[in-house]
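Given next are the chains, with one letter for each unit.
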Amino acid sequence: MLRFTVRRLLQAVPTLFVLSILVFAWLRMLPGGPATALLGDKATPERVAAMNAVLGLDDPIVVQYFRFLGRTLTGDFGNSLITGDPVMEEVSWAFPATLELSVAAMFLAVLFGIPMGYIAARFRGRFLDNATVITTLVGVAVPVFFLGFLLKYIFTQEMSLLPPSGRHDVLIDATRVTGIATLDGLLTGEFDATWDAMLHLILPSVALASIPFAVIVRITRASVLDVQGEDFVRTADSKGLTTQIVRKRHVLRNALLPVSTTIGLQTGLLMSGAVLTEKVFAWGGLGTLLEQAIQQRDYPRLQGLILLFAVVFVLVNLLVDISYAIIDPRVRVR
Amino acid sequence: SERGEDAGAANTLVFGAAGAPKNFDPVFNDDGESFRPIRQMYETLVAYKPGTAELQPGLATEWTPSDDGKTWTFELREGVKFHDGTDFNAEAVCFNFDRWYNMPSAAAQSQMIYYGDVFEGFAKNKGDASGDPVYKSCEAKDEHTAVLNLNEAKGAFPDAFGLTSLSMSSPKALKEHNADEVTQSGESFSYPAYANEHPTGTGPFKFESYDKSANTITLTRNEDYWGDKAKLEKLVFRVIPDENARKQDMISGQIDGYDLPNPADYQALRDSGAQVMVRPTFNILYLGINQKNTPELKDERVRKAIEYAINKEQLAKNQLPEGASARYQFVPEETDGYTDEVEKHEYDVDKAKQLLKEAGAEDLTLEFYVPTEVSRPYMPDPVDIAGAVSDNLDAVGIDVKMRQRPWNGGFKDDIQKHGKHDIHLLGWTGDYGDAGNFVGTFFGREKAEFGFNEPKIFKALADADAKVDDEEQKKAYEDAAVKISEYVPAVPLTSSPPAIVVGGDVQGLVPSPLTDERFVSVSKGQS
Amino acid sequence: MALLDVRDLSVVFKRKGTRPFTAVDGVSFSVEPGQTVGLVGESGSGKSVTSLAIMGLLPKRGAEIGGSVTFSDTELLTLSDKQLRDRRGRDLGMVFQDPLSSLNPVITIGLQITEVLERHRGMTRKEARVEAAELLDRVGLPDPQRRIDEYPHQLSGGMRQRVLIAIALACRPKLLIADEPTTALDVTIQAQILSLLSELVSETDTALIMITHDLGVVAGLCDDVNVMYGGRIVERAQRHDLFERSRHPYTHGLLQSIPRLNAPRGEPLTPIRGSVSDNIEWEQGCAFAPRCPNATDVCWSEPPELKADDGRMLRCHNPVAIGDAVTEGAL
Amino acid sequence: MSILSTRKAEKIDSLAEGGTSLAMDALRRTFRSPVAILGLVIVGLFVILAIISPFIAPKDPYRPYPELKAELTPSNIPGPMPGFLLGSDQNGYDFFSRLLVGAQQTLFVGVFATLIGVAVGMIIGGLAGAFGGWVDSVLMRLTDIMLSIPSLLLAISIAALLPGSQWTVIIAVAMIGVPVFARLLRGAMIAQRSSDHVLAATALGVKRKTIVFRHMLPNSIGPVIVQATLTLATAIIDAAALSFLGLGDSDWRRAEWGLMLGNAQELLSVKPSLAFFPAIAIIIVALGFTLLGESMRESLDPKNRR
Amino acid sequence: MTDETATTTDVTGTGSAATDMDVAGADVTGTDVAGAAGTGGGRSADGDGAAGADDVLVTVEGLEVHFPIKRGIVLERTVGYVYAVDGIDLTIRRGETYGLVGESGCGKTTMGRGLLRLVEPTGGRVVFDDTDVSTLKGETLRKSRRRMQMIFQDPLSSLDPRQSVESILVEGMRAHGLDSGKESTRARLVELLDSVGLPESALHKYPHEFSGGQRQRIGIARALAVEPDLIVADEPVSALDVSVQAQVLNLLEELQQRLGLTYLVIAHDLAVVRHISDRIGVMYLGSLVEEASSDEMYAEPMHPYTKALLSAVPVPDPTVEDEREQILLTGDLPSPANPPTGCRFHTRCPWKQDTLCDTDRPELREVGDGHRVACHYAEDIAAGRITRHEVEPELVHPDT
Ligand SMILES: Nc1ncnc2c1ncn2[C@@H]1O[C@H](COP(=O)(O)OP(=O)(O)OP(=O)(O)O)[C@@H](O)[C@H]1O
Ligand SMILES: Nc1ncnc2c1ncn2[C@@H]1O[C@H](COP(=O)(O)OP(=O)(O)OP(=O)(O)O)[C@@H](O)[C@H]1O
Ligand SMILES: [Mg+2]
Ligand SMILES: [Mg+2]
């Protein structure tokens, strides 16, 4: 298993390397530039030129790339142009927020998606199944940000049930431990902070969960249907095993293989969705950082974030692979 | 939440900010989001009277220029202490001026935008500074008298002494926290501890913390403030980048105020009981004209036709916030240099068509550069405004091709550096109450943005700037304004007052044309 | 009393939008303890469906089952799902065709054996493990202690089939149904498996239903052979009777069309004409009529009945004359 | 040998397996399902609307109307009034007409984003699948990298690079599809390449080019068509997301639902219908394409072919 | 065979092949160029005396197909090989049917494809009618394919589902310029269909509209369309129902007689192979272990593996079955990626001896009248000097 893990990790290296070149080249190709961004309203051509000199942006592109690579390898992604803070530091502040949101969303999606998919499969072709299929398709067709608005509109504006945005009430003075608001409250015993953080988490995570939920339902359904028709399920039945054992040990376990893959695939979507959801709910995570960075052409932050997203994506895929290897012995040998 | 309530909702004010501040060292900043907290912690020698651009005593009780305008003498307020307990005195003032002038690195210098604008250069001994510095020296005549020597007179003074960037910092804190160590790292800059964690001024609020995970900046009341103490115990700025989120937080009572509400939301905000305070206008939106690329635009008649074609009143009503008005000159009404003598080209489609005909420019095609991904008080939604302007121009037969460029992603380069456009949308918010800050900036010399060389105008503006006497200067700027209105180097469109919104229970906030609101007088509670 | 008595078994598949399809039609046969009964026929003749119907493994929706299946005096078709599950694996064992897909790929073969033992013989996991290893040893799987913790993909085809047999025999069922247990295997492996099966069956006095399309397999193994065509049994006889004197033109034709190792070379084969898809429906006459060399008008109009004839059962209007039977047996 | 997004890739590859199915057969199966029919009806109506909308729009969707402008302020956008079924939009244009014409522009964006994605993806996938070897390796690494960036980020990155125009959106959204189509086609082609009928053609001495174009491509196209249908749905949504982020096409005059929705976000409190109508239109259309695509996929799936 | 002879044959081979090709291309009248070309074949085959005297169409010498097993993170490395075909020598005479049997995975298919160069052999050579096929490239290789055709196991998957029978059949003709005119092509198509027993109406149907046996007929017609000399039939009847199998086997035989075809028939069913073949080669793990005429192979198998194989085939005759003494092999076929040393069969051989078997790989050697066997102790076994014994089954992990 260790070898498997290490190999998978090594496989990601070339991808990340090429990606770093692409990201770098991409940023150099963007019109405008860090100097323009830094100088804001006061960017006159002269100032921009002077600033470029200060920043070394008039050096040859290759020199710039290797400087960038060198810094990146030491974990230095430079400082944000917007805030002036080191990008890594910004990320370390914002990452827990995004992590919290994504994990909550994925948790919801899995928690409700797998049972619903399973139920739909068991009632294949009947009303319940068709209803599930249509619902999930609608779920996919609704733009995340619009769903966010809708939820906000209904639950905060109309019903005043839940807080509209942010991660916790400003007046709650919670101690930061991990940066994951719901967890911190539990760790420090500030339960009101946890409660408050949970309330804030509900709407964004529901909005973000919509697509992965729909996909998980569909995959689970399809996969359960596939497995139900497999010979080994018939074998299990022929052994006279109880229905529960057949379903749990034979059907579900096999059916979850593709589902686990899907969960990994969904992280990409989740990251995309997070950008939109965070904007809607002023969540203040990586998505927010990214959105600002794009609007204001915050190059160092953009570089850092895109590479970070790729790394996270790689890691999640790795986790999925490992979990795959745990439930599917066939993968291990390779 | 209970805890929030007994934390004394009455004594804490939470203000929504649109973005995170860059840092808290006044001199390294130039944007409103950074200035807002800075203004509560720092003070300048000269201050602006709340709600106006007029001057009033700040840390200096008096300021007097020499006759040639090259020496300024400041009488300083007594009994003022910095937040670290050190005294504010003439030495501190000179320490600040010297610090700015002698800023050691190119990196640090590049961050001092306003200082650079006003003082035009740095000490030659350090780095490879460029420009001819206006600053010469500073002497502490006595404990409470500071004398500033300049190399040349500047019309911007004394107003410019009120710029937030030129706020007074504690020399002790500056030294202790290596305030000058701005370093370049990659494509950006790192700021020293002073700027990040130890801003130390004389203002009514003291820095307490900046929680980057929660995105909140917390200030507390300065109990040793020299003047009337702040009514609020705590002032919290919470960064909420999303416009809609700010609004909803405001309505649901999560925050007590935020800046620059979307004009579309004024009504909803008011309905929720909030106070939308419209500031006096101090900005100008204009339709720039670049004479370089299209010969027809060199013709005054064509430029005038463009102005005649635009229905500024309707534009102000349809697309701009309440209180916006049509403009026929660049200097704001409240500022010296504004005059009724200017040539007014009011909306007149027939006249526009006729002028175009006369100039033989009936099939004029213009590239109209419009910024995107930006919202400024003078143009909340540039694209919609540009749309309305295009509709107007279309109506007189000008074929407008709209080119949209992201504000930071090419627009400014294309306009100000490459001059790729024929016409463009841009504007300006005044930094202080000086006409030169408006017109001088635009038309003082040949620029890629406008692509003309008209010595008549350049000279008129240079003369006006050089006048030391207030009355003379006023006349000179009025004269320049008339010349500009006749030449039409660009079309002034509208001025839009930015608004600031606070909860119904917030009192004492005075909206400022310079967005220079001080929260010292603000209180919260049932009225 | 027979151990298993299948009477008039019929299975009709009904699906929305398609015509009902009768896969098994009035099949009757019985199996005595210790007896091996063969079920042969070409692909699609209904062999598997018959066995699945006996086991109660047909899908609950879409399949209509008629007739009766009595197993030691119990009617299987009317049992509840739960009661059936109590019998399956304990009294009735089954071995399927494809040994790879018939084993759950993600759990160890050990668990796949022990779960039956736990279920039906009330063993603890530990006891079951010991027993499982013994079972694997009995089916000739080398090194069972180690293999027990391996996964199906780590075994070769022959070994997997042994595991399946071990599973089916774990609770010493009274009846074992083997549905083409060797089709996916090579001849040398097939020989191993077949000899293992017959050995185990005779050791334990288990009754065996052997389903195959390979007449050679039946010839060596079965006491009684049922030949199916188009969902019905067309001929049933003891194996010597069947192979030496086949009466039904289909059985006869099959035997004639198979190349044999022991036949002299150079003789052309006598194929049956047409293919299975040329069947007509049994209701209209004899399903085999379109391909039958002996077919007369009556074959096209009247479905033949399964009748006793000369010590066998035969469903044919014009059986092959006894003299025509294949006689190369003597080599 | 695989990198990083093996799973994503494998998933796409597995979709490619449907390639051997018979088109007609699959279609017949598709249109037996009510879900597919619903999808087809929605898509059909949408396409018809897109074609005829310029002719049936009651007002010129690209002109401001003085009646509307008279009342218009940023915090008051006129509602329905005689002649203007849904009132004004934020620029004094007839909202109803723009909503109608929006179908056309939306279809345009969706179709071109998909077509470009399919075309580029097919070229890459086709080359990889037809040549194999190092060409395949290089091209597939490229798609792996594209797949390793979350799709919207990819689109955002591209959109930020190009000047804001309709084609920017189209290209940015198209790029999301490129790696998917490339993998899909390659997977199908590789399955084809080792298939018996291609081997048979090789054995016959048929020219390589003929084999690729007559045997491999036509048999690989099924999954591509299905994926294209689904991509149409996501393309429309992704384009809207770009607009929402302010990165989309910023032609203020163009009536396109995503753009209209994006621009109306700030006006929710003034006139929610400006956002709701385009949003609902997008949802319905995306749903239509998804229903259609999903049911086609289901019937192409070899497992469902019993 | 020495290197020098190989080279000479090579040169002349290439030369004559080119001319042959031209002749064949122009020749529309019939397939019977066999006689003329045959003399050429006889001349060059100077290897083994007995076989050389006959009309040899194909000579396979030391054919090897090793598939690399690749692993690697960034760059792929070859970590080993699957020795699918590992040194096979055989000759196929004009007009005969050569049968190849063996267990699944022993390399039969690969052998057939290597012979036709549908996979690239990694060693050895194939001389087809004096042409060294192994050296051909590009266009010449493509052209040469006209004379060697293939029939596949799965008739459905080997037919492009999107093409009508007509275009399936015409395709090969077009590739070799045999579709000279509309009329004559049409006539040829009808003739082809007729010869495989399909009606003319089949032309406009698609493969899925036919039954298994009919599809296989289409596959055969496709191969015949280009008037080949050699047909490699890879498991031509394995996918068919028993009752249909005989129809196809009869058809193959009939076509051979009518058109003078030469067959290499690959199958795992010994009975089928024996029925159709003149000579049989038995493969085990990538190489031939025994070769003999069909009758002799059945009557007097000499290699232990062949014996076991023959004894394992069930015969639909209860009397035979009851009396049959089976030689049960234990264990499984070893992995071709990791073949045993010495005699490949020694791990399962009930006659295995302590010397030679696990160290020396036996050559395929002549033991009389065209009967070749690769066993060190073949004669001893035949004479009963060595007796069978028990074998500990070997564990084989399938490489997934
Ligand atoms: N679940 C089902 N639904 C509909 N039809 C079915 C189903 N299962 C089997 N059939 C049909 O019933 C007929 C008999 O099938 P069965 O599997 O019993 O044949 P078989 O004799 O076992 O053939 P083979 O030798 O191929 O296994 C076939 O035509 C088959 O298509
Ligand atoms: N393209 C390939 N790459 C790698 N290994 C291969 C390839 N083709 C075949 N092999 C391996 O070569 C060996 C021989 O395969 P081949 O298909 O020739 O056997 P066969 O005798 O035809 O078997 P079967 O009876 O199952 O058709 C097998 O182990 C197979 O896994
Ligand atoms: Mg079956
Ligand atoms: Mg094979």
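Residues numbered from 1 in each chain as written. Chains lettered and ligands numbered in written order. Predicted model: local features only at pLDDT ≥ 70, side-chain atom pairs only at ≥ 80, totals over all residues. Heavy atoms only, no water.

A. View of the interface of chain C and chain E. Counting from both sides, the interface comprises 56 residues of chain C and, opposite them, 50 residues of chain E. Considering only the surface of chain C that becomes buried against chain E, Thr 188, Leu 261 and Arg 265 of chain C emerge as the three largest contributors, covering 19% of it. Linking chain C to chain E there are one salt bridge. Here Asp 322 of chain E ties to Arg 239 of chain C by a salt bridge, and the two come within 2.8 Å at their closest N and O atoms. (Contact = heavy atoms within 4.5 Å. Buried area = accessible area lost by both parts, 1.4 Å probe. Salt bridge = Lys/Arg side-chain N within 4 Å of Asp/Glu carboxyl O.)

B. Representation of the nonpolar core in the model. One finds Leu 45, Phe 97 and Phe 119 of chain B to be the most contacted residues of the largest nonpolar core, which totals 279 residues. Broken down by element, this core gets its largest block of residues, 13 residues, from helix H12 (residues 273–300) of chain D. In contact with Phe 97 of chain B, not counting residues within four places along its chain, are Leu 45, Phe 119, Tyr 135, Cys 138, Leu 148, Phe 161 and Met 168 of chain B. Core analysis: the next-biggest nonpolar cluster, separate from the first, contains 65 residues, Ile 113, Ile 167, Val 217 and Leu 254 of chain C among them. (Core = buried A, V, L, I, M, F, W, Y, C linked by side-chain atoms within 4.5 Å. Buried < 20%, exposed > 50% of the residue type's maximum accessible area, 1.4 Å probe, protein only. Helix = DSSP H or I, 4+ residues; strand = E, 2+ residues; numbered from the N terminus.)

C. Geometry of the pairing of strand E8 (residues 207–212) of chain C. Residue and element names in this part refer to chain C. Counting buried positions along E8 yields six of six residues, so the element is predominantly enclosed. Neither face of E8 is open: one carries Ala 207, Ile 209 and Ile 211, the other Leu 208, Met 210 and Thr 212, and all of them are buried. As defined by bridge partners, strand E3 (residues 36–40) adjoins E8 across five bridges and the pair is classed as parallel. Within the sheet, the bridge partner assigned to Gly 38 lies in E8 and is Met 210. On the question of chirality, the crossover connecting strand E7 (residues 175–179) to the parallel E8 by way of helix H7 (residues 187–204) is right-handed. (Pairing = 2+ DSSP bridges. Right-handed = clockwise from strand over helix to strand, strands pointing away.)

D. Geometry of the packing of aromatic side chains. Scanning the model with the defined rule gives 55 aromatic pairs over all chains in all. Aromatic pair Phe 443 of chain B and Phe 452 of chain B: ring centres 6.3 Å apart, planes at 45°, arrangement tilted. Assigned by exposure class, Phe 443 of chain B and Phe 452 of chain B land together as buried. Three or more aromatic residues link up through ring pairs in this structure, and these residues are Trp 72, Phe 74, Phe 97, Trp 100, Tyr 101, Tyr 115, Phe 119, Phe 122, Tyr 135, Phe 157 and Phe 161 of chain B. The ring of Phe 281 of chain A has Lys 152 of chain A lying over it, and the distance from NZ or CZ to the ring centre is 5.7 Å. (Phe/Tyr/Trp six-rings, centres within 6.5 Å; stacked < 30°, edge-to-face > 60°. Lys NZ or Arg CZ within 6 Å of the ring centre and 35° of its normal.)

E. How the structure looks around the sheet that holds strand E6 (residues 92–95) of chain C. Residues and elements named next belong to chain C. A sheet is described by the order of its strands in space; here eight strands give the open sequence E6-E7-E8-E3-E9-E10-E12-E11, paired in mixed fashion. On the outer flanks of this sheet lie E6 and strand E11 (307–309), each paired with one strand and no other. Along the sheet, successive strands turn relative to each other by an average axial angle of 20°, direction set aside. By the bridge criterion, five bridges tie E7 to E8 in an arrangement that is parallel. Across the sheet, residue Leu 176 finds its bridge partner in E8, namely Leu 208. Across the sheet, helix H6 (residues 157–169) lies against E6 and E7, angled at about 170° from E6, the strand it touches most. (Axes fitted to C-alpha atoms, helices over the stretch in contact; angles between N-to-C directions.)

F. Region of interest: the interface of chain D and chain A. In this assembly, 45 residues from chain D lie in contact with 50 residues from chain A. Together chain D and chain A conceal approximately 4400 Å² of surface at their shared face, both sides included; 75% is due to carbon and sulfur atoms. Viewed at the interface, chain A and chain D are joined by one salt bridge. One salt bridge connects Arg 218 of chain A with Glu 294 of chain D, and the closest N-O pair in it is separated by 2.7 Å. Linking chain D with chain A are one residue pair in polar contact (both at pLDDT 80 or more). Taken together, the elements giving at least two residues each to the side of chain D that touches chain A come down to helix H1 (6–16), helix H3 (34–56), helix H6 (133–148), helix H7 (151–161), helix H10 (208–244) and H12 of chain D. No other element matches the eleven residues that H12 of chain D contributes to the side of chain D that touches chain A. (Polar contact = N/O pair within 3.5 Å; in protein donor to acceptor, adjacent residues only side chain to side chain.)

G. Looking closely at the side chain of Arg 274 of chain E. Looking at the secondary structure, you find Arg 274 of chain E in helix H10 (residues 270–276). Of the residues examined, Arg 274 of chain E reaches a relative accessible area of 6% and is grouped as buried. Within the local environment of Arg 274 of chain E, its side chain forms a polar contact with the backbone oxygen of Leu 261 of chain C, the two atoms lying 2.7 Å apart. With residues up to four places along the chain from it excluded, the contact list for Arg 274 of chain E reads Arg 260, Leu 261, Asn 262, Ala 263, Pro 264 and Arg 265 of chain C together with Ile 280, Ser 294, Asp 295 and Tyr 298 of chain E.

H. Structural view of the domain arrangement of chain E. Residues and elements named next belong to chain E. Splitting chain E by domain gives domain 1 (56–284) and domain 2 (296–382). Between domain 1 and domain 2, the residue contacts involve 18 residues of the former and 18 residues of the latter. For the pairing of domain 1 and domain 2, the buried interface totals around 1600 Å² over both sides, and the portion due to carbon and sulfur atoms is 65%. The largest contributions to the domain 1 side of the interface with domain 2 come from Leu 270, Val 282 and Tyr 284, which together make up 41% of the buried area. (Domains from an automatic or database assignment.)

I. Geometry of the pattern of salt bridges. Throughout the structure, instances matching the rule amount to 90 salt bridges over all chains. Residues Lys 304 of chain B and Glu 343 of chain B are paired through a salt bridge, measuring 3.4 Å at the closest nitrogen-oxygen approach. Of this pair, Lys 304 of chain B sits in helix H10 (residues 300–309) while Glu 343 of chain B sits in the loop between strand E16 (325–326) and helix H12 (349–358), placing them 39 residues apart in sequence. Look at Glu 343 of chain B and you get partly exposed, because its relative accessible area is 29%. Its salt-bridge partner being Arg 214 of chain D, residue Glu 171 of chain E comes within 3.8 Å of it at the nearest N-O pair. Residue Glu 171 of chain E is found in helix H6 (residues 165–175), and its partner Arg 214 of chain D is found in helix H10; the two belong to separate chains. One salt-bridge network, held together by shared partners, links Glu 33, Arg 36, Asp 259, Arg 279 and Glu 517 of chain B.

J. Main features of the site of ligand 2. Residue and element names in this part refer to chain E. Around ligand 2 sit 13 residues, and of these Ser 104, Gly 105, Lys 108, Thr 109 and Thr 110 come closest. Within the side chain of Ser 104, an N or O atom sits 2.8 Å from an oxygen atom of ligand 2. Within the backbone of Gly 107, a nitrogen or oxygen atom sits 3.0 Å from an oxygen atom of ligand 2. Contact with the protein chains hides 61% of the accessible area of ligand 2, taken as 630 Å² for the molecule alone. Sort the elements by how many residues they give to the shell around ligand 2 and helix H4 (residues 108–115) lands first, with three residues. Class assignment for the residues of the shell around ligand 2 results in five nonpolar, five polar and three charged. (Near = heavy atom within 4 Å. Areas by Shrake-Rupley, 256 points an atom, 1.4 Å probe, with all protein chains shown as cover. Nonpolar A, V, L, I, M, F, W, Y, C, P; charged D, E, K, R; others polar.)

K. View of the arrangement of the chains. The structure contains seven pairs of chains in contact, of which chains C and E account for the largest number of contacts. Nothing in chain B touches chain C, and the closest approach of their C-alpha atoms is 44 Å. Separated in space, chain B and chain E share no contact, their closest pair of C-alpha atoms being 31 Å apart.

L. Focus on the domain arrangement of chain C. All names here are of chain C. Domain annotation of chain C identifies domain 1 (4–227) and domain 2 (230–314). Contacts between domain 1 and domain 2 engage 22 residues on the former and 22 residues on the latter. Taken together, both faces of the contact between domain 1 and domain 2 bury some 1800 Å²; the carbon and sulfur share is 53%. Area buried by domain 1 at its contact with domain 2 is led by Glu 42, Leu 215 and Val 227, which between them contribute 37% of it. On inspection of domain 1 and its partner domain 2, the count reaches three salt bridges. Linking Arg 291 and Glu 42 is a salt bridge whose minimum nitrogen-to-oxygen distance equals 3.8 Å. Applying the counting criterion to the domain 1 and domain 2 interface returns twelve residue pairs in polar contact (both at pLDDT 80 or more). Listing elements by their share of the side of domain 1 that touches domain 2, those giving two or more residues are strand E2 (21–31), helix H8 (215–221) and strand E9 (224–229). Per-class residue counts for the side of domain 1 that touches domain 2 are eleven nonpolar, six polar and five charged.

M. Focus on the packing of H6 of chain D against helix H8 (residues 166–193) of chain D. Residues and elements named next belong to chain D. Across the interface, H6 lies against H8 with an axial gap of 9 Å and an inter-helix angle of 140°. In terms of their interaxial angle, H6 and H8 are classed as oblique. For the crossing formed where H6 meets H8, the hand is left-handed. Only Met 175, Val 178, Pro 179, Val 180, Ala 182, Arg 183, Arg 186 and Ile 190 of H8 make contact with H6, whose side of the interface consists of Asp 136, Met 140, Thr 143, Asp 144, Met 146 and Leu 147. In the contact of H6 with H8, the residues fall into nine nonpolar, one polar and four charged. (Parallel < 35°, antiparallel > 145°, perpendicular 65-115°, else oblique. Left-handed = near helix turned anticlockwise from the far one by under 90°.)

N. The arrangement of the confidence of the model for chain E in detail. Residues and elements named next belong to chain E. Predicted confidence across chain E gives a mean pLDDT of 81, with 83% of residues reaching 70 or more. In this model, residues 1–53 is a region of pLDDT below 50 whose contacts with residues beyond four sequence positions or in other chains number 42 contacts. Two numbers describe this predicted complex: its pTM, 0.80, and its ipTM, 0.77. (pLDDT = per-residue confidence, 0-100.)

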